[in-house]
Amino acid sequence: MPHTLANLHQARGAKLAVIGQPIAHSLSPRMHQPALDEAGIDARYVALEVDPGHVADAFARMRALGFIGCNVTVPHKFDALEACDEIDDTARDLGAVNTVRFDSDAIRGTNTDGYGFEMAVEESLGLELPGQTVLIVGAGGGAGGAIAAHCARRGVKRLVLANRTEAKAETLVARLRKRHPRVDLAAIGTDDETLLTSLAAGCRLLVNTTSLGLREDDPSPLPPGCLHENHAVFDTIYKPTALMNAATKAGARCANGSLMLLHQGVAAFRYWFPGTDPEAAMRRGLLG
Ligand code: ATR
(Lines give C-alpha, C1' and ligand atoms only; values in the text may rest on other atoms or scores of the structure.)
Protein backbone atom coordinates (compact mmCIF):
# COMPACT_ATOMS: atom_id res chain seq x y z
CA MET A 1 0.00 0.00 0.00
CA PRO A 2 1.33 3.46 -0.81
CA HIS A 3 1.79 5.99 1.97
CA THR A 4 -0.19 9.22 2.20
CA LEU A 5 0.82 12.62 3.53
CA ALA A 6 -1.27 11.88 6.64
CA ASN A 7 0.60 8.70 7.58
CA LEU A 8 4.03 9.43 6.13
CA HIS A 9 5.52 10.02 9.59
CA GLN A 10 4.86 6.35 10.34
CA ALA A 11 7.01 5.17 7.43
CA ARG A 12 10.04 4.20 9.45
CA GLY A 13 13.39 4.92 7.77
CA ALA A 14 11.75 6.51 4.71
CA LYS A 15 14.07 9.13 3.21
CA LEU A 16 13.11 8.97 -0.48
CA ALA A 17 9.82 8.61 -2.30
CA VAL A 18 8.07 8.63 -5.61
CA ILE A 19 5.01 10.90 -5.58
CA GLY A 20 2.10 10.55 -7.98
CA GLN A 21 -1.52 9.58 -8.33
CA PRO A 22 -2.20 6.73 -8.70
CA ILE A 23 1.10 5.44 -7.35
CA ALA A 24 0.38 1.96 -5.93
CA HIS A 25 1.76 0.18 -9.01
CA SER A 26 4.92 2.26 -9.37
CA LEU A 27 8.02 0.18 -10.13
CA SER A 28 10.38 2.84 -8.74
CA PRO A 29 10.69 1.39 -5.19
CA ARG A 30 11.59 -1.95 -6.75
CA MET A 31 14.62 -0.48 -8.47
CA HIS A 32 15.74 2.20 -6.00
CA GLN A 33 15.67 0.11 -2.81
CA PRO A 34 18.23 -2.49 -4.01
CA ALA A 35 20.55 0.33 -5.11
CA LEU A 36 20.27 2.02 -1.69
CA ASP A 37 20.92 -1.28 0.06
CA GLU A 38 23.90 -2.13 -2.13
CA ALA A 39 25.44 1.31 -1.59
CA GLY A 40 25.02 0.90 2.19
CA ILE A 41 22.76 3.96 2.40
CA ASP A 42 20.43 3.64 5.38
CA ALA A 43 17.22 4.84 3.73
CA ARG A 44 13.91 3.44 2.61
CA TYR A 45 12.32 4.45 -0.70
CA VAL A 46 8.51 4.54 -0.54
CA ALA A 47 5.55 5.22 -2.82
CA LEU A 48 3.59 8.28 -1.71
CA GLU A 49 0.10 9.04 -2.98
CA VAL A 50 -0.32 12.81 -3.38
CA ASP A 51 -3.51 14.46 -4.56
CA PRO A 52 -3.33 16.98 -7.42
CA GLY A 53 -2.67 20.47 -6.08
CA HIS A 54 -0.71 19.21 -3.05
CA VAL A 55 2.83 18.95 -4.39
CA ALA A 56 4.15 21.91 -2.40
CA ASP A 57 2.57 20.44 0.79
CA ALA A 58 4.22 17.11 0.01
CA PHE A 59 7.63 18.76 -0.40
CA ALA A 60 7.22 20.63 2.90
CA ARG A 61 6.14 17.47 4.71
CA MET A 62 8.99 15.34 3.34
CA ARG A 63 11.50 18.06 4.13
CA ALA A 64 10.23 18.32 7.70
CA LEU A 65 10.68 14.56 8.05
CA GLY A 66 14.30 14.72 6.85
CA PHE A 67 13.82 13.27 3.38
CA ILE A 68 16.75 13.43 0.93
CA GLY A 69 14.58 13.89 -2.16
CA CYS A 70 11.88 12.37 -4.32
CA ASN A 71 10.88 11.34 -7.79
CA VAL A 72 7.79 12.89 -9.31
CA THR A 73 5.42 11.19 -11.70
CA VAL A 74 2.01 11.75 -13.31
CA PRO A 75 0.22 14.10 -12.76
CA HIS A 76 2.65 16.22 -10.74
CA LYS A 77 5.65 16.96 -12.97
CA PHE A 78 4.60 20.50 -13.86
CA ASP A 79 3.47 21.39 -10.33
CA ALA A 80 6.82 20.09 -9.07
CA LEU A 81 8.62 22.54 -11.33
CA GLU A 82 6.61 25.36 -9.77
CA ALA A 83 7.16 24.10 -6.22
CA CYS A 84 10.98 23.96 -6.43
CA ASP A 85 13.13 26.89 -5.28
CA GLU A 86 15.62 26.24 -8.07
CA ILE A 87 15.45 24.22 -11.27
CA ASP A 88 18.28 23.48 -13.69
CA ASP A 89 18.36 24.18 -17.45
CA THR A 90 17.24 20.67 -18.29
CA ALA A 91 14.04 20.93 -16.24
CA ARG A 92 13.42 24.41 -17.64
CA ASP A 93 13.80 23.21 -21.25
CA LEU A 94 11.72 20.07 -20.73
CA GLY A 95 9.03 22.07 -18.89
CA ALA A 96 8.77 19.58 -16.03
CA VAL A 97 10.58 18.20 -12.96
CA ASN A 98 10.83 14.47 -12.25
CA THR A 99 13.59 14.48 -9.61
CA VAL A 100 13.86 16.68 -6.53
CA ARG A 101 16.54 17.09 -3.87
CA PHE A 102 15.86 18.65 -0.49
CA ASP A 103 19.11 20.52 0.17
CA SER A 104 19.45 22.45 3.43
CA ASP A 105 19.28 25.82 1.62
CA ALA A 106 16.81 25.04 -1.19
CA ILE A 107 14.53 22.54 -2.92
CA ARG A 108 16.25 21.76 -6.21
CA GLY A 109 14.71 20.07 -9.24
CA THR A 110 15.93 18.47 -12.43
CA ASN A 111 14.49 16.23 -15.13
CA THR A 112 16.10 12.89 -16.02
CA ASP A 113 13.36 11.67 -18.41
CA GLY A 114 15.08 12.94 -21.56
CA TYR A 115 18.37 11.32 -20.55
CA GLY A 116 16.52 8.08 -19.72
CA PHE A 117 14.82 8.15 -23.11
CA GLU A 118 18.09 8.71 -24.95
CA MET A 119 19.93 5.94 -23.09
CA ALA A 120 17.03 3.53 -23.66
CA VAL A 121 16.88 4.30 -27.40
CA GLU A 122 20.63 3.73 -27.65
CA GLU A 123 20.57 0.50 -25.68
CA SER A 124 17.43 -1.10 -27.07
CA LEU A 125 17.36 0.21 -30.64
CA GLY A 126 21.03 1.06 -31.27
CA LEU A 127 20.17 4.60 -32.41
CA GLU A 128 21.80 7.90 -31.48
CA LEU A 129 19.72 11.09 -31.27
CA PRO A 130 22.07 13.66 -32.83
CA GLY A 131 21.23 13.90 -36.55
CA GLN A 132 18.26 11.52 -36.15
CA THR A 133 14.82 11.82 -37.80
CA VAL A 134 12.09 11.37 -35.18
CA LEU A 135 8.29 11.29 -35.11
CA ILE A 136 6.61 11.58 -31.70
CA VAL A 137 2.93 10.68 -31.44
CA GLY A 138 1.26 12.11 -28.33
CA ALA A 139 3.24 15.31 -28.28
CA GLY A 140 0.38 17.06 -26.45
CA GLY A 141 1.11 15.35 -23.13
CA GLY A 142 3.79 15.97 -20.52
CA ALA A 143 5.89 12.94 -21.50
CA GLY A 144 5.71 13.81 -25.20
CA GLY A 145 6.65 17.43 -24.55
CA ALA A 146 9.67 16.45 -22.46
CA ILE A 147 10.92 13.91 -25.00
CA ALA A 148 10.39 16.35 -27.87
CA ALA A 149 12.35 19.06 -26.04
CA HIS A 150 15.14 16.60 -25.27
CA CYS A 151 15.34 15.52 -28.94
CA ALA A 152 15.60 19.17 -30.01
CA ARG A 153 18.31 19.87 -27.40
CA ARG A 154 20.29 16.89 -28.61
CA GLY A 155 20.26 18.10 -32.21
CA VAL A 156 17.99 15.71 -34.05
CA LYS A 157 17.82 16.63 -37.73
CA ARG A 158 14.03 16.37 -38.15
CA LEU A 159 11.31 16.25 -35.52
CA VAL A 160 7.66 15.59 -36.41
CA LEU A 161 5.19 16.13 -33.58
CA ALA A 162 1.88 14.34 -34.10
CA ASN A 163 -1.09 14.68 -31.80
CA ARG A 164 -4.81 13.98 -31.71
CA THR A 165 -5.32 17.65 -30.84
CA GLU A 166 -3.20 19.26 -33.53
CA ALA A 167 -3.16 22.70 -31.88
CA LYS A 168 -1.12 21.34 -28.96
CA ALA A 169 1.53 19.98 -31.33
CA GLU A 170 1.61 23.33 -33.13
CA THR A 171 2.12 25.23 -29.87
CA LEU A 172 5.01 22.97 -28.94
CA VAL A 173 6.59 23.29 -32.39
CA ALA A 174 6.39 27.08 -32.14
CA ARG A 175 8.11 27.00 -28.74
CA LEU A 176 10.86 24.62 -29.85
CA ARG A 177 11.47 26.48 -33.11
CA LYS A 178 12.44 29.61 -31.18
CA ARG A 179 15.00 27.75 -29.09
CA HIS A 180 16.27 25.32 -31.71
CA PRO A 181 16.10 27.03 -35.12
CA ARG A 182 18.34 24.41 -36.76
CA VAL A 183 15.95 21.50 -36.12
CA ASP A 184 13.51 20.83 -38.98
CA LEU A 185 10.18 20.81 -37.05
CA ALA A 186 6.66 19.90 -38.17
CA ALA A 187 3.30 19.55 -36.39
CA ILE A 188 0.47 17.32 -37.55
CA GLY A 189 -2.91 16.02 -36.36
CA THR A 190 -3.20 12.23 -36.19
CA ASP A 191 -6.52 12.18 -38.09
CA ASP A 192 -4.78 13.07 -41.38
CA GLU A 193 -3.65 9.52 -42.10
CA THR A 194 -2.20 10.23 -45.54
CA LEU A 195 0.04 13.04 -44.33
CA LEU A 196 0.93 11.10 -41.18
CA THR A 197 2.02 8.11 -43.27
CA SER A 198 4.14 10.24 -45.55
CA LEU A 199 5.80 12.12 -42.67
CA ALA A 200 6.43 8.84 -40.84
CA ALA A 201 8.12 7.47 -43.96
CA GLY A 202 10.67 10.29 -43.67
CA CYS A 203 11.56 9.39 -40.07
CA ARG A 204 13.70 6.56 -38.72
CA LEU A 205 12.57 6.61 -35.08
CA LEU A 206 8.87 6.56 -34.14
CA VAL A 207 7.98 7.23 -30.50
CA ASN A 208 4.66 6.73 -28.71
CA THR A 209 4.05 9.05 -25.77
CA THR A 210 0.26 8.80 -25.77
CA SER A 211 -1.42 6.85 -23.01
CA LEU A 212 -2.75 4.38 -25.61
CA GLY A 213 -1.49 0.94 -24.61
CA LEU A 214 -2.03 1.32 -20.87
CA ARG A 215 -5.27 -0.66 -21.26
CA GLU A 216 -5.15 -4.03 -22.95
CA ASP A 217 -7.80 -3.23 -25.57
CA ASP A 218 -6.28 0.14 -26.56
CA PRO A 219 -5.70 0.57 -30.29
CA SER A 220 -2.34 1.58 -31.76
CA PRO A 221 -1.80 5.38 -31.86
CA LEU A 222 -0.39 5.00 -35.40
CA PRO A 223 -2.17 3.36 -38.37
CA PRO A 224 -0.45 0.13 -39.48
CA GLY A 225 0.27 1.66 -42.92
CA CYS A 226 2.72 4.05 -41.18
CA LEU A 227 5.07 1.27 -40.12
CA HIS A 228 7.91 -0.15 -42.21
CA GLU A 229 10.79 -2.52 -41.62
CA ASN A 230 13.33 0.31 -41.63
CA HIS A 231 11.58 2.00 -38.69
CA ALA A 232 12.69 1.73 -35.08
CA VAL A 233 9.71 2.07 -32.73
CA PHE A 234 9.97 3.14 -29.11
CA ASP A 235 6.84 2.86 -26.96
CA THR A 236 7.06 4.63 -23.59
CA ILE A 237 4.44 2.23 -22.18
CA TYR A 238 6.11 -0.48 -20.04
CA LYS A 239 4.33 -3.49 -21.52
CA PRO A 240 3.52 -4.99 -24.93
CA THR A 241 1.10 -2.80 -26.87
CA ALA A 242 -0.89 -2.82 -30.11
CA LEU A 243 1.75 -0.47 -31.57
CA MET A 244 4.56 -2.87 -30.72
CA ASN A 245 2.63 -5.80 -32.19
CA ALA A 246 2.02 -3.84 -35.40
CA ALA A 247 5.68 -2.76 -35.53
CA THR A 248 6.87 -6.34 -35.10
CA LYS A 249 4.51 -7.46 -37.86
CA ALA A 250 5.89 -4.76 -40.15
CA GLY A 251 9.42 -6.04 -39.45
CA ALA A 252 10.47 -2.92 -37.50
CA ARG A 253 12.72 -3.02 -34.44
CA CYS A 254 10.84 -2.03 -31.32
CA ALA A 255 11.30 -1.49 -27.60
CA ASN A 256 9.05 -0.61 -24.67
CA GLY A 257 9.60 1.98 -21.94
CA SER A 258 11.14 -0.18 -19.22
CA LEU A 259 14.74 0.79 -20.05
CA MET A 260 13.71 4.47 -20.03
CA LEU A 261 12.37 3.94 -16.52
CA LEU A 262 15.68 2.32 -15.55
CA HIS A 263 17.94 5.01 -16.99
CA GLN A 264 15.92 7.97 -15.68
CA GLY A 265 16.10 6.26 -12.28
CA VAL A 266 19.88 5.81 -12.47
CA ALA A 267 20.31 9.52 -13.23
CA ALA A 268 17.94 10.45 -10.38
CA PHE A 269 19.90 8.28 -7.94
CA ARG A 270 23.13 9.99 -9.00
CA TYR A 271 21.48 13.40 -8.52
CA TRP A 272 20.88 12.45 -4.88
CA PHE A 273 24.14 10.52 -4.41
CA PRO A 274 26.83 11.84 -6.78
CA GLY A 275 29.66 9.42 -7.51
CA THR A 276 27.59 6.27 -6.97
CA ASP A 277 27.12 3.52 -9.56
CA PRO A 278 23.61 2.15 -8.96
CA GLU A 279 22.85 0.81 -12.45
CA ALA A 280 23.48 -2.92 -11.95
CA ALA A 281 21.43 -3.10 -8.73
CA MET A 282 18.61 -1.08 -10.25
CA ARG A 283 18.58 -3.20 -13.39
CA ARG A 284 18.33 -6.39 -11.30
CA GLY A 285 15.55 -4.90 -9.17
CA LEU A 286 13.52 -3.77 -12.16
CA LEU A 287 14.17 -6.39 -14.81
CA GLY A 288 15.15 -9.39 -12.66
P1 ATR B 1 1.03 12.87 -19.84
O2 ATR B 1 1.05 14.28 -19.40
O3 ATR B 1 1.28 11.87 -18.80
O4 ATR B 1 1.90 12.60 -21.05
P5 ATR B 1 -1.63 13.39 -20.92
O6 ATR B 1 -1.57 14.82 -20.61
O7 ATR B 1 -2.87 12.64 -20.63
O8 ATR B 1 -0.48 12.52 -20.25
O9 ATR B 1 -1.28 13.27 -22.47
C10 ATR B 1 -1.41 12.12 -23.11
C11 ATR B 1 -1.14 12.28 -24.62
O12 ATR B 1 -1.78 11.17 -25.20
C13 ATR B 1 -1.72 13.51 -25.27
O14 ATR B 1 -0.90 13.89 -26.35
C15 ATR B 1 -3.09 13.03 -25.75
O16 ATR B 1 -3.58 13.69 -26.89
P17 ATR B 1 -4.44 15.06 -26.75
O18 ATR B 1 -3.44 16.15 -26.57
O19 ATR B 1 -5.19 15.16 -28.03
O20 ATR B 1 -5.34 14.87 -25.54
C21 ATR B 1 -2.75 11.61 -26.14
N22 ATR B 1 -3.91 10.74 -26.05
C23 ATR B 1 -4.56 10.34 -24.94
N24 ATR B 1 -5.58 9.52 -25.25
C25 ATR B 1 -5.57 9.39 -26.61
C26 ATR B 1 -6.37 8.68 -27.55
N27 ATR B 1 -7.40 7.93 -27.18
N28 ATR B 1 -6.04 8.80 -28.85
C29 ATR B 1 -5.00 9.56 -29.25
N30 ATR B 1 -4.21 10.26 -28.41
C31 ATR B 1 -4.49 10.17 -27.11
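In this numbering scheme, every chain counts its residues from 1 along its sequence in written order. Where totals are concerned, whole chains, interfaces and linings use all residues; where local detail is concerned, this predicted model gives features only for residues with pLDDT of at least 70, and gives and counts side-chain atom pairs only at 80 or more. To get the side-chain values, all heavy atoms of the structure are used, and hydrogens and water are removed first.

Caption draft 1: Seen up close, the overall build of the protein. For the protein, the helix and strand inventory stands at 11 helices and 13 strands. In this treatment the radius of gyration is a C-alpha quantity, and the globule benchmark scales as 2.2 Å times the residue count to the 0.38 power. The C-alpha radius of gyration computed for the protein amounts to 19 Å, which stays within 12% of the reference 19 Å derived for 288 residues, consistent with globular compactness. Evaluated residue by residue, the protein yields a buried proportion of 53% over its 288 residues. Long-range contacts, defined here as pairs at least 24 residues apart, represent 66% of the contacts in the protein between residues at least 6 apart. Calculation of accessible area relied on Shrake-Rupley with a 1.4 Å probe; when residues are assessed, cover is drawn exclusively from the protein chains displayed. For the protein, the exposed area adds up to about 13,000 Å²; of that, 50% sits on carbon and sulfur atoms. Residues scored as charged are limited to Lys and Arg (positive) and Asp and Glu (negative), so that His and the chain ends carry no count. Here the site of a charge means NZ on Lys, CZ on Arg, CG on Asp, or CD on Glu. Between the centroid of the 29 positive side chains of the protein and the centroid of its 33 negative side chains there is a distance of 2 Å. Helical segments are the DSSP runs of H or I of at least four residues, strand segments are the runs of E of at least two, and each set is numbered from the N terminus. Classification of residues uses two cut-offs on accessible area relative to the type maximum, computed with a 1.4 Å probe and protein chains only: under 20% is buried, over 50% is exposed, and between them is partly exposed. In this description, contact between two residues means that some pair of their heavy atoms is separated by no more than 4.5 Å.

Caption draft 2: Examining the site of the ligand more closely. When at least one non-hydrogen atom of a residue lies within 4 Å of a molecule or strand, that residue is treated as near it. What surrounds the ligand is a group of 13 residues, the closest being Gly142, Asn163, Arg164, Thr165 and Lys168. Under this definition, polar contacts are N or O atom pairs within 3.5 Å; protein pairs additionally need one hydrogen-donor-capable and one acceptor-capable atom, and for neighbouring residues in sequence, both atoms have to be side-chain atoms. Between Thr165 and the ligand, the recorded distance is 2.5 Å, taken from a side-chain N or O atom to an oxygen atom. Burial of the ligand by the protein amounts to 67% of the accessible area it has alone, namely 630 Å². All residues other than Ala, Val, Leu, Ile, Met, Phe, Trp, Tyr, Cys, Pro, Asp, Glu, Lys and Arg, Gly among them, are scored as polar; the first ten of these are nonpolar and the last four charged. Considering only residue class, the shell around the ligand consists of three nonpolar, eight polar and two charged.

Caption draft 3: Quick peek at the pattern of salt bridges. Only one rule defines a salt bridge in this text: a Lys or Arg side-chain nitrogen within 4 Å of an Asp or Glu carboxyl oxygen. Following the criterion strictly, the structure yields 15 salt bridges and no others. The closest approach of N and O atoms between Arg108 and Glu86, which form a salt bridge, is 2.9 Å. Placement of Arg108 in strand β7 (residues 107–110) and of Glu86 in strand β5 (residues 86–87) is noted, with a sequence separation of 22 residues between them. Given the relative accessible area of 39%, Glu86 is considered partly exposed.

Caption draft 4: How the structure looks around the domain arrangement of the protein. The domain boundaries here were taken from an automatic or database domain assignment. By the assigned domains, the protein splits into domain 1 (3–111) and domain 2 (114–259). Between domain 1 and domain 2, the C-alpha centre-to-centre distance is 28 Å. Note on terms: buried area is the combined drop in 1.4 Å-probe accessible area of two parts once they are placed together, counting the loss on both. Of the roughly 650 Å² buried between domain 1 and domain 2, counting both surfaces, carbon and sulfur atoms make up 46%. The interface formed by domain 1 and domain 2 holds two salt bridges in total. Among the ionic pairs, Asp93 bridges to Arg153, the shortest N-O distance being 2.5 Å. Considered class by class, the residues forming the side of domain 1 that touches domain 2 number two nonpolar, two polar and two charged.

Caption draft 5: The arrangement of the packing of helix α1 (residues 28–38) against helix α10 (residues 258–272) in detail. Axis definition: a line fit to C-alpha positions, over the contact stretch in the case of helices; interaxial angles, taken between N-to-C directions, run 0 to 180 degrees. Relative orientation of the contacting elements α1 and α10 amounts to 45°, with a least axis distance of 11 Å. When the axes of α1 and α10 are compared, the pair comes out oblique. When you trace α1 past α10, the crossing you get is right-handed. Facing α1, whose interface residues are Ser28, Met31, His32, Ala35 and Leu36, α10 presents Leu261, Leu262, Gln264, Gly265, Phe269 and Trp272. Orientation categories follow fixed angle ranges, with anything under 35 degrees roughly parallel, anything over 145 roughly antiparallel, 65 to 115 roughly perpendicular, and all other angles oblique. Each crossing is labelled by how the near helix is turned from the far one, with a counterclockwise turn of less than a right angle marking it left-handed and a clockwise turn marking it right-handed.

Caption draft 6: Region of the structure containing the sheet that holds strand β2 (residues 14–20). DSSP calls a pair of strands paired once it identifies at least 2 bridges connecting them. If you walk across this open sheet you meet the seven strands as β1-β3-β2-β4-β6-β7-β5, and the pairing is mixed. Two strands in the sheet have a free side with no partner beyond their single neighbour: β1 (3–4) and β5. Direction of pairing for strand β6 (residues 99–102) relative to β7: antiparallel, over a ladder of four bridges. Within β7, the position partnered with Arg101 by the bridge is Arg108. Sheet contacts for α1: β2, β3 (44–49) and β4 (69–72); angle to β3, the most-contacted strand, approximately 160°.

Caption draft 7: Summary view of the packing of helix α5 (residues 113–125) against helix α6 (residues 142–153). For the pair α5 and α6, the least separation of the axes is 9 Å and the interaxial angle reads 70°. The angle between α5 and α6 places the two elements in the roughly perpendicular class. For the pair α5 and α6, the contacting residues are Gly114, Tyr115, Phe117 and Glu118 in the first and Ile147, His150 and Cys151 in the second.

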